[in-house]
2 protein chains.
Amino acid sequence: MDGIGIIGSGIAGLQLGLQLRQHDIPVTIYSDRPADDFGKGRLPNTVAHHHTTVARERELGIDHWDIDEYGYFGHHHYIGGETPLRFFGEFAAPSRALDYRVYLPRLLRDFDERGGDFEVRPVEPADVTALSEQHDLVVVSSGRTGLGGMFPRRADKSPFDTPQRKLCAALYEGIAYSEPKGVTMSIAPGHGELLEIPMFSVAGHVTALLFEIVPGGDLEPIGEARYDEDPGGFEKLVLAKLRQHHPTTFERVDHGRFRVTGPQDLLQGGLVPGVREDYVRLANGRYVIALGDAHTVVDPIVGQGANCASYSAWELGQAIVTDPNFDERFCRKVAQRRENRVHATSDWTNLMVRFPPAPHLLQLLGSMARNQVVADEFTDNFSYPERQWDILATPERTRSYLARHGMA
Amino acid sequence: MDGIGIIGSGIAGLQLGLQLRQHDIPVTIYSDRPADDFGKGRLPNTVAHHHTTVARERELGIDHWDIDEYGYFGHHHYIGGETPLRFFGEFAAPSRALDYRVYLPRLLRDFDERGGDFEVRPVEPADVTALSEQHDLVVVSSGRTGLGGMFPRRADKSPFDTPQRKLCAALYEGIAYSEPKGVTMSIAPGHGELLEIPMFSVAGHVTALLFEIVPGGDLEPIGEARYDEDPGGFEKLVLAKLRQHHPTTFERVDHGRFRVTGPQDLLQGGLVPGVREDYVRLANGRYVIALGDAHTVVDPIVGQGANCASYSAWELGQAIVTDPNFDERFCRKVAQRRENRVHATSDWTNLMVRFPPAPHLLQLLGSMARNQVVADEFTDNFSYPERQWDILATPERTRSYLARHGMA
């Protein structure tokens, strides 16, 4: 038997592989694309790593990007409407947003330097049984190739069967960073949200704009517009929508320089959020663990997917290191140790995309504008989704939380 | 609403109350007996606190008994049979055994000094609804008055419907402590086990002997003998059985001084182990949490009941302090955070009382005699039942554990 087999070479698979190599455990990562492709291709996402993830990166020895240069410090909120609200929430420690075409190649190099085995081989569900007999444990960390479907979807944790937002993510130059350097979360009631993220990409320090588009709303054209067919028209459309709906970003645009950084730096689509079972038992009696997108898919509206995958990989890695017995007890312990944070991530994100928004969510957002402690706590809880969900799981919880902060 | 109501004044109820008072949370403990009775009456148990429990006592500010004087350092094992085995396993940090007629009165005094409310009032299941409307949360930590029955018994975690051992616990003088000072765990195959515990009682440093008696075995008369009717005859019987079945304890008996320390210092009986649901929802929508014996009852064969109750109280206390919203999410989080240790405690203990013993348990015990690392780890795992269960949950796990220690 040959150590741990990881199917998938995203953040979850690579971080798990790097952690296991720190403990000299043999690891093979199966990837559907060659190492040389990791730095190329279309923008894969617009991800920020919050400080609990950055702390794990330190533990993993992959904290290669000086947080003073690459980090940012909180969230600038803008909530449109008759009386717009504008406020800042601060992190306890900085977050960091890196283009995964910069991030993942470096992790792959670290993995190689630590003696990890990287195999380019598209794995189909039918191949998993054979792999399970070659490895002590097989982990599926890719939702891409139908592998996620091995793990039954949990109806109790998966309220949506369709995407709740249309998405349009792209990298831009010509937007000055906010002060203090931060993400802007701008809400256009009835139409959707904008996340403006200071990101380090192949082209250097740029800005990611992620439009979260409510279907049928006034921002829908951004989800449909074809950049390739008319780059200038696309950029003009984005500017017009920023002006109308997201003024705190618009006011920092340098109109002479504003443009998408390149034809590949754009991603449109949408995803169906859902939670799958933590593990399955194959017919041969071996267990296979779901990780990352194979386990839990969330809308990017609060930037939690990669952080959740990284967390989940870390907990799985700890379990492998401390209890290398890959039976049902092992799988149940893994499920148990990650459940609170992973489910809270999913539940909280699903609340954020609900339309129309829940009244108690609006109540909390409104309170943030009037209470800095509440604004900072909501913001720092991007590192602790289970604490966010402690506040937002029910209207009673939000009420009781605000009462404890003198906002009855 | 008036803080937390705790029904039951054993270790779980008192430690929880003390922890909450450290955070200025109002607490009422409902006890079925007055404070003056806590130091009196019949020996309630023969409990040792392992080092994770001692560490919690330090956190709780109730570490009143200097571990250098009251502590002990490991387990002296004796396994009878054709070729008896004899070996010592050492703790990473000392355990401590106090008579609860010494321990609980002191905790109650601490609770009173911290402003806790102590109410003498026998609570029946029918009273719980009214209490749930007086308090933010009601915790049931007493299995005594039928209250445990509020929480459904979990068939999946409760394999036994009858006591698996008859018990005879008593305090003695005239037994010299072992060297290093420790508990002796002596196994008489086919007949049962003896736990010899260096205990501090009202009378000072004495020795507790807890006979775990296999029904129908040669030690059964000790379970039946009436000390009150014939103290000398009882002591003679105990000596005879020690000589025959538990020689490593017998060899330290001072025959001139050997005697039970008093007519109240003896307890005979037996208990049905079982695990109950973590919480119930009352008809009025309020949730009630099970703690200690109301939640989990284990045979005393590996001395885990009080440690488990203390652990469970601590986890519940942490949950109350960090998330004072006593809804189903709260209850599920409490269940989740204590599940691994509490269930492992129960599963491991149930394995220890199984008769005939499981072959893989015998394999592990035999290996301990030949490998000091394995002996020490088994011994220190009295502080970490979930780690013990990682080793013992299945024959494959024991085999794999021993292989990792070069004992294939």
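Residues numbered from 1 in each chain as written. Chains lettered and ligands numbered in written order. Predicted model: local features only at pLDDT ≥ 70, side-chain atom pairs only at ≥ 80, totals over all residues. Heavy atoms only, no water.

(A) Focus on the sheet that holds strand S14 (residues 279-281) of chain A. All names here are of chain A. Read across the open sheet, the six strands follow the order S5-S2-S1-S6-S15-S14; overall the sheet is mixed. Pairing within the sheet leaves two strands with one partner each, and these edge strands are strand S5 (117-120) and S14. With direction set aside, neighbouring strand axes in the sheet form an average angle of 20°. Pairing geometry for strand S1 (residues 4-7) and strand S2 (residues 27-31), over four bridges, is parallel. Residue pairing in the sheet places Ile-4 in a bridge with Val-27 of S2. Each of S1, S2 and strand S6 (137-140) is contacted by helix H1 (residues 11-22), which is oriented at about 165° to S2, the strand it contacts most. (Pairing = 2+ DSSP bridges. Helix = DSSP H or I, 4+ residues; strand = E, 2+ residues; numbered from the N terminus. Axes fitted to C-alpha atoms, helices over the stretch in contact; angles between N-to-C directions. Contact = heavy atoms within 4.5 Å.)

(B) Inspection of the domain arrangement of chain A at higher detail. Residue and element names in this part refer to chain A. When the domains of chain A are assigned, the result is domain 1 (4-41 + 101-160 + 272-353), domain 2 (48-97 + 166-269) and domain 3 (359-404). On a C-alpha basis, the centroid separation for the pair domain 1 and domain 3 is 30 Å. On the side of domain 3, 12 residues touch domain 1, which itself brings 10 residues to the contact. Interface area lost by domain 1 to domain 3 is led by Arg-341, Trp-348 and Leu-351, which between them contribute 54%. Counting across the interface, domain 1 meets domain 3 through one salt bridge. Among the ionic pairs, Arg-341 bridges to Glu-386, the shortest N-O distance being 2.9 Å. (Domains from an automatic or database assignment. Buried area = accessible area lost by both parts, 1.4 Å probe. Salt bridge = Lys/Arg side-chain N within 4 Å of Asp/Glu carboxyl O.)

(C) Layout of the interface of chain B and chain A. Each partner contributes residues to the interface: chain B has 20 residues there, and chain A has 20 residues. With both sides pooled, the region where chain B packs onto chain A buries about 1,700 Å², and carbon together with sulfur makes up 28% of that total. Taken together, the links from chain B to chain A amount to 10 salt bridges. Asp-390 of chain B is paired through a salt bridge with Lys-333 of chain A; the nearest N and O atoms lie 2.6 Å apart. Looking at the side of chain B that touches chain A, the elements that each hand over two or more residues are helix H10 (328-353), helix H13 (385-392) and helix H14 (395-404) of chain B. Among the elements that make up the side of chain B that touches chain A, the one with the highest residue count is H10 of chain B (eight residues). When its residues are assigned to classes, the side of chain B that touches chain A shows five nonpolar, five polar and 10 charged. (Nonpolar A, V, L, I, M, F, W, Y, C, P; charged D, E, K, R; others polar.)

(D) Fine view of unusual backbone geometry. At the junction of Phe-355 of chain A and Pro-356 of chain A, the peptide bond is cis and its omega measures out at -5° in the coordinates. Following the sequence through the fold, Pro-356 of chain A ends up in the loop between helix H10 (328-353) and helix H11 (359-368). Geometrically, the link from Glu-179 of chain B to Pro-180 of chain B is a cis peptide bond, its omega value of -10° lying close to zero. With a phi close to 60°, Asp-24 of chain A is a non-glycine residue in the positive phi region. Following the sequence through the fold, Asp-24 of chain A ends up in the loop between H1 and S2.

(E) Region of the structure containing the packing of H10 of chain B against H13 of chain B. Residues and elements named next belong to chain B. One can describe the packing of H10 onto H13 by two numbers: an axis separation of 8 Å at closest approach and a directional angle of 55°. By the angle between their directions, the pair H10 and H13 is classed as oblique. As H10 runs across H13, the sense of the crossing is left-handed. Of H13, the residues touching H10 (which contributes Asn-340, Arg-341, Ala-344, Thr-345, Asp-347, Trp-348 and Leu-351) are Pro-385, Glu-386, Gln-388, Trp-389 and Leu-392. Taken together, the residues of the contact of H10 with H13 break down into six nonpolar, three polar and three charged. (Parallel < 35°, antiparallel > 145°, perpendicular 65-115°, else oblique. Left-handed = near helix turned anticlockwise from the far one by under 90°.)

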